[in-house]
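Structure assessment
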Amino acid sequence: MEFESMYQDIILDHYRHPHNKGLRDPYDAEVHHVNPLCGDEVTMRVTLKAAGGVPAVADVSYDALGCSISQASASVMTDLVIGKSVDEAMAVSQEFLALMQSKGAGEPDEDLLEDAVAFSGVSKYPARIKCALLGWMAWKDATARALEEASS
Ligand code: ZN
């Protein structure tokens, strides 16, 4: 019970005081994703840089409309990926996806997922999983496009 309410607080805090919200320039790629099940929308911008010979996430900014879960998840996601190499950030995103697919039985890696563990309860509600994943999917898409730009 205590855990549930602590998780609730983390989600509400990110919803009320989102991190990295507001589109920033310059950027390498921009995408717009929609979750028609709930009406959530997100516009995501990604900027990459080279760090020690590998691509890394220099900046992520976004604008979002929709439910508290989709907006809080996008905020948490930006904190988790900015500053990491693209490979490390993709690994975190895979871990979050696995948690969302766990049907409430996941044992999240708190060191890796930090505030994103707060969404573990969402995996019990199939209708809300797409809300929690929207920002992550948009980030992955924008990052793939930015990598393509860089290599062409
Ligand atoms: Zn939603």
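Counting restarts for each chain: residues are numbered from 1 in the order of the written sequence. Where local features are concerned, this predicted model is filtered to residues with pLDDT of at least 70; where side-chain atom pairs are given and counted, the filter is 80 or more; whole-chain, interface and lining totals use all residues. Based on all heavy atoms of the structure, the side-chain values leave hydrogens and waters out of the count.

1. A word on the environment of Ser61
Counting from the N terminus, the helices are DSSP H or I runs at least four residues long and the strands are E runs at least two residues long. Among the structural elements, Ser61 can be located in strand β3 (residues 54–65). Only protein chains enter the accessibility calculation, which uses a 1.4 Å probe; a residue whose area is less than 20% of its type maximum is buried, one above 50% is exposed, and one in between is partly exposed. Looking at Ser61, the relative accessible area reads 1%, which means it is buried. Once residues within four sequence positions are removed from consideration, Ser61 is found in contact with Asn20, Gly22, Leu23, Arg24, Thr43, Met44 and Arg45. Here Arg24 takes part through its backbone nitrogen, which lies 2.9 Å from a polar atom of the side chain of Ser61. Whether two residues are in contact is decided by their heavy atoms, any of which lying within 4.5 Å being enough. Two N or O atoms form a polar contact when they lie within 3.5 Å of each other; inside protein one atom must be a possible hydrogen donor and the other a possible acceptor, and for residues adjacent in sequence the pair counts only when both atoms belong to side chains.

2. Some points on the coordination of the zinc ion
For a metal bound by four donors in tetrahedral geometry, the ideal donor-metal-donor angle is 109.5 degrees, whereas six donors in octahedral geometry ideally sit at 90 or 180 degrees. The protein atoms that coordinate the zinc ion are Cys38 (SG), Asp40 (OD), Asp40 (OD), Cys67 (SG) and Cys131 (SG), at distances spanning 2.2 to 2.7 Å. As a motif over one chain, the donors of the zinc ion read C-x1-D-x26-C-x63-C. In this pair, Cys38 sits in the loop between β1 (29–35) and β2 (40–51) while Cys131 sits in helix α5 (residues 126–151), placing the two residues 93 residues apart along the sequence. Judged by its relative accessible area of 35%, Cys38 falls in the partly exposed class. In this description, a donor is an N, O or S atom within 2.8 Å of the metal centre, a cutoff extended to 3.2 Å for sodium, potassium and calcium. Water is not part of the atom list, which can make sites seem incomplete.

3. Focus: the nonpolar core
For our purposes a nonpolar core is just a set of buried Ala, Val, Leu, Ile, Met, Phe, Trp, Tyr and Cys residues, chained together by side-chain atoms within 4.5 Å. Membership of the largest hydrophobic core comes to 44 residues, with the highest contact counts inside it found for Met44, Val60, Val81, Phe96, Met100, Phe119 and Trp139. When residues of this core are traced back to their parent elements, those giving at least two are α1 (2–16), β1, β2, β3, α2 (68–81), α3 (86–100) and α5. Among the elements that make up this core, the one with the highest residue count is α5 (10 residues). Here Phe119 is in contact with Ile11, Ile69, Ala72, Ser73, Val76, Phe96, Met100 and Ala132, once residues within four sequence places are set aside.

4. A closer look at unusual backbone geometry
With omega at -10°, the peptide bond leading from Asp25 into Pro26 counts as cis. Within the secondary structure layout, Pro26 lies in the loop between α1 and β1. In this structure, Asn20 is a non-glycine residue whose phi angle is positive, near 65°. Inspection of the secondary structure assignment puts Asn20 in the loop between α1 and β1. The phi angle at Lys103 is positive, at roughly 55°, despite the residue not being glycine.

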